[in-house]
Amino acid sequence: MRKQFQVFLRLGLLFLLIALTINPLWAVRSIILATTTSTVDSGLLDALIPPFEKQTGIKVKVIGVGSGMALEMGRRGEADILLVHSPKDEEKFMAEGNGTSRRAVMHNDFVLLGPSNDPASAAASKSIGEAFKKIAAAGSLFVSRGDKSGTHAKELSLWPDADAIISNQCYIETGQGMGATLLIADQKNAYTLADRATYLSFKNRIKLVILREGDKPLLNPYHMIEVNPKRHPKVKADGAKRFADFISSPAAKKLIANFGKERFGGPIFILDYD
Amino acid sequence: MISQDVIAIIITTLQVSGTALLISILVGVSLGVFVALHEFPARKLVIGVINTGMGLPPVVVGLLVLLFLWRGGPLGFFNLIYTPAAMIIAQVILATPIIAGLTLAAIQSVPQKYKWQAEALGAQGWQKAWLLIRETRLSLFAAVMAGFGGIISEVGAVMMVGGNIKGQTRVMTTAIVLESQRGEIELAVLLGLLLLALSFSVNLGLTLIQQRARQV
């Protein structure tokens, strides 16, 4: 028993030693990219980041959170660069002097999903605004992300009276990501707003169908923001700039434009450079 | 079916939770034995804190560790946020009270007679502690298994402080969350089954040592 314990102890110390020696390796030059769950979930960043890391030797730590949290991380200097889709909040972020540059990168689009029998007849509307008005008027079940993400912000902007709807019984907030929210909406046979990439990933598993698409307000522009290093000296402005430049390079543009053909049967993001 | 990525995730899981478990055992068992065998002021308060710690909500631990380790946080200069080290810290905070609390209960349940006997035979300090650890080894193995169960299955804290970064801090639980959000249900289920298998084999290994200890 004593011998066993000693072996155990030695193994433990060995592990500790290994952990401590590996530690400096974790601290190699790296930048933190705070972005939205939709870009992570779609797999786009898995395609974009390896070539950048190979080219520059800078590791990118991708943190997938809601746009609200991503902007907050930028405001606190906890991220070096942001890739977000919440234009109004981004403008406020820039106006407060939290960022040094903001570039348009790409857009994808949102689709209004609902049960195929469309009880609120949202599909037969003149505009997306009217479709939301009809859903509110009919008192049909609507499932919202409710997580301060870009998708959530977009959805709130489409209601005729957002304050009234969120206190309504037929409005459900999941507080979760797009995938989980889609599945809940499907189980409840409710309406929901989803980004196209997530919808396409789940298309074969859900019964909900697209009721509206292509309306201008449904376009979802992504911007890349470099965080202001003057506010927070720890922000790695140099690495952030190199990443932003990389994303604007022809090679990255090609990757973005072609992304999704294999998995989703068509491109998910459309280039949007300034 | 089991790709390079999945293997990397399993290795990270083992490294993070294995290191966290070993640190928690060293700290938790020492703390439990110390508190069980010593009288000091506020001892009951300390025991109360340990027992509360056994049920710490992982997301709260995650949030606190995040705030401490962020660049702007009090410990930000270590540059540990979004690294496996940050995940190990969160898991140690979760597992240590579980192991300490169960150790404490085990040592306290040893009959007073045995403790006197040990002392009468001349066992003091470290020797006495060691005798008691040996005496309660079955319970201590159970404590280790409980601690392991608490951290291998945990997702909220490691997601927050690790960031679920591919190839760096992605572990099995966070990968399962991601893949189920992505709609890759088959992969999520596969990872779930692998996690169960991993947990089972570790516990089986510990159980075998534990049951062998019973016969010694």
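From a predicted model like this one, the values you see are computed outputs, not experimental measurements.

Some remarks on the overall build of chain A
Alright, step 1. Of regular secondary structure, chain A possesses 13 helices and ten strands.
Alright, step 2. In terms of overall dimensions, chain A has C-alpha extents of about 70 × 55 × 35 Å along its principal axes.
Alright, step 3. For chain A, the proportion of its 274 residues judged to be buried stands at 49%.
Alright, step 4. When contacts within chain A are restricted to residue pairs at least 6 apart in sequence, those whose partners lie at least 24 apart make up 72%.
Alright, step 5. Split by element, the accessible area of chain A, about 12,600 Å² in all, is 56% carbon and sulfur.
Alright, step 6. Across chain A, the 36 positively charged side chains and the 28 negatively charged ones have centroids separated by 7 Å.

Things to note about the domain arrangement of chain A
As a measure of interface size, the accessible area lost when the parts come together is often cited.
Residues and elements named next belong to chain A.
Alright, step 1. Domain annotation for chain A reports domain 1 (8–106 + 221–271) and domain 2 (109–218).
Alright, step 2. On the domain 2 side, the residues contacting the eleven residues of domain 1 number eleven residues.
Alright, step 3. Approximately 830 Å² of surface area, both sides summed, lies buried where domain 1 meets domain 2, with 59% of it carried by carbon and sulfur atoms.
Alright, step 4. Per-residue buried area on domain 1 facing domain 2 is highest for His85, Phe264 and Ile268; these three make up 45% of the total on that side.
Alright, step 5. The interface formed by domain 1 and domain 2 contains zero salt bridges.
Alright, step 6. The interface formed by domain 1 and domain 2 includes two residue pairs in polar contact (both at pLDDT 80 or more).
Alright, step 7. Those elements giving two or more residues to the side of domain 1 that touches domain 2 turn out to be helix 2 (37–42), helix 4 (67–75) and helix 13 (261–264).
Alright, step 8. Sort the elements by how many residues they give to the side of domain 1 that touches domain 2 and helix 2 lands first, with three residues.
Alright, step 9. Here the residues of the side of domain 1 that touches domain 2 sort into two nonpolar, eight polar and one charged.

Some details on the packing of helix 1 (residues 4–37) of chain B against helix 4 (residues 84–108) of chain B
All names here are of chain B.
Alright, step 1. Across the interface, helix 1 lies against helix 4 with an axial gap of 6 Å and an inter-helix angle of 35°. By crossing handedness, the relation of helix 1 to helix 4 is classed as right-handed.
Alright, step 2. Its residues assigned to classes, the contact of helix 1 with helix 4 shows 21 nonpolar, nine polar and no charged.

Here we look at the interface of chain B and chain A
Alright, step 1. Taken together, the contacts link 34 residues of chain B with 40 residues of chain A.
Alright, step 2. Between chain B and chain A we count four salt bridges in total.
Alright, step 3. Between Glu184 of chain B and Arg263 of chain A there is a salt bridge, with the nearest N and O atoms lying 3.6 Å from each other.
Alright, step 4. Elements that contribute at least two residues to the side of chain B that touches chain A include exactly helix 1, helix 4, helix 7 (137–152), helix 9 (172–182) and helix 10 (185–215) of chain B.

Some details on the packing of aromatic side chains
One pair of aromatic rings is described through two measures. These are the centre distance and the angle between the planes.
All names here are of chain A.
Alright, step 1. One pass over the full model with this rule turns up twelve aromatic pairs over all chains.
Alright, step 2. On the basis of an interplanar angle of 80° and a centroid distance of 5.8 Å, the ring pair of Tyr222 and Phe269 is categorised as edge-to-face. Here Phe269 lies in the loop between helix 13 and strand 10 (270–271) and Tyr222 lies in strand 9 (residues 219–227), a separation of 47 residues in the sequence. Residue Tyr222 shares its accessibility class with Phe269, and that shared class is buried.

Concerning a nonpolar patch on the surface
Alright, step 1. Together, Val59, Val60, Leu63, Leu64, Leu67, Phe68, Leu75, Phe77 and Phe78 of chain B line one region of the surface with nonpolar side chains, adding up to about 820 Å² of accessible area.
Alright, step 2. Tracing the sequence through the fold places Val59 of chain B in helix 3 (residues 58–69).

A few points about the pattern of salt bridges
Residue and element names in this part refer to chain A.
Alright, step 1. Taken as a whole and judged by the stated rule, the model has 23 salt bridges over all chains.
Alright, step 2. Lys241 is paired through a salt bridge with Asp245; the nearest N and O atoms lie 3.0 Å apart. On the criterion of helical spacing, the pair formed by Lys241 and Asp245 is a turn pair, its members being four residues apart in helix 11 (residues 237–247).
Alright, step 3. Linked through salt bridges whose partners overlap, the residues forming this network are Glu72, Arg75, Arg76, Lys92 and Glu96.

A closer look at the nonpolar core
Alright, step 1. One finds Met73 and Leu82 of chain A together with Tyr82 and Val161 of chain B to be the most contacted residues of the largest nonpolar core, which totals 70 residues.
Alright, step 2. Considering every element that reaches this core, the biggest residue donor is helix 4 of chain B, with 13 residues.
Alright, step 3. Discounting chain neighbours no more than four positions away, the residues touching Tyr82 of chain B are Ile32, Lys61, Ile63 and Met73 of chain A together with Leu66, Trp70, Met160, Val161, Gly162, Gly163, Ile165 and Thr169 of chain B.

Focus: the side chain of Asn108 of chain A
All names here are of chain A.
Alright, step 1. Structurally, Asn108 can be placed in strand 4 (residues 99–114).
Alright, step 2. Judged by relative accessible area, which is 1%, Asn108 ranks as buried.
Alright, step 3. In terms of polar contacts, Asn108 uses its side chain to reach the side chain of Asn220, at 2.6 Å.
Alright, step 4. For Asn108, the contacting residues outside a window of four places in its chain are Asp195, Leu218, Leu219, Asn220, Tyr222, Ile268 and Phe269.

Observations regarding the packing of helix 4 of chain A against helix 5 (residues 87–95) of chain A
Residues and elements named next belong to chain A.
Alright, step 1. In the contact formed by helix 4 and helix 5, the axes pass within 11 Å of each other and the chain directions differ by 5°. The angle between helix 4 and helix 5 falls in the class roughly parallel. Of the residues in helix 5, those in contact with Leu71, Gly74 and Arg75 of helix 4 are Asp89, Glu90 and Phe93.
Alright, step 2. Considered class by class, the residues forming the contact of helix 4 with helix 5 number two nonpolar, one polar and three charged.

What counts and what doesn't
Residues numbered from 1 in each chain as written. Chains lettered and ligands numbered in written order. Predicted model: local features only at pLDDT ≥ 70, side-chain atom pairs only at ≥ 80, totals over all residues. Heavy atoms only, no water. Helix = DSSP H or I, 4+ residues; strand = E, 2+ residues; numbered from the N terminus. Buried < 20%, exposed > 50% of the residue type's maximum accessible area, 1.4 Å probe, protein only. Contact = heavy atoms within 4.5 Å. Areas by Shrake-Rupley, 256 points an atom, 1.4 Å probe, with all protein chains shown as cover. Lys, Arg positive; Asp, Glu negative; His and termini not counted. Charge placed at Lys NZ, Arg CZ, Asp CG, Glu CD. Domains from an automatic or database assignment. Buried area = accessible area lost by both parts, 1.4 Å probe. Salt bridge = Lys/Arg side-chain N within 4 Å of Asp/Glu carboxyl O. Polar contact = N/O pair within 3.5 Å; in protein donor to acceptor, adjacent residues only side chain to side chain. Nonpolar A, V, L, I, M, F, W, Y, C, P; charged D, E, K, R; others polar. Axes fitted to C-alpha atoms, helices over the stretch in contact; angles between N-to-C directions. Left-handed = near helix turned anticlockwise from the far one by under 90°. Phe/Tyr/Trp six-rings, centres within 6.5 Å; stacked < 30°, edge-to-face > 60°. Patch = residues over 30% accessible without salt bridge, like charges linked within 9 Å, V, L, I, M, F, W, Y side chains within 5 Å. Core = buried A, V, L, I, M, F, W, Y, C linked by side-chain atoms within 4.5 Å. Parallel < 35°, antiparallel > 145°, perpendicular 65-115°, else oblique.

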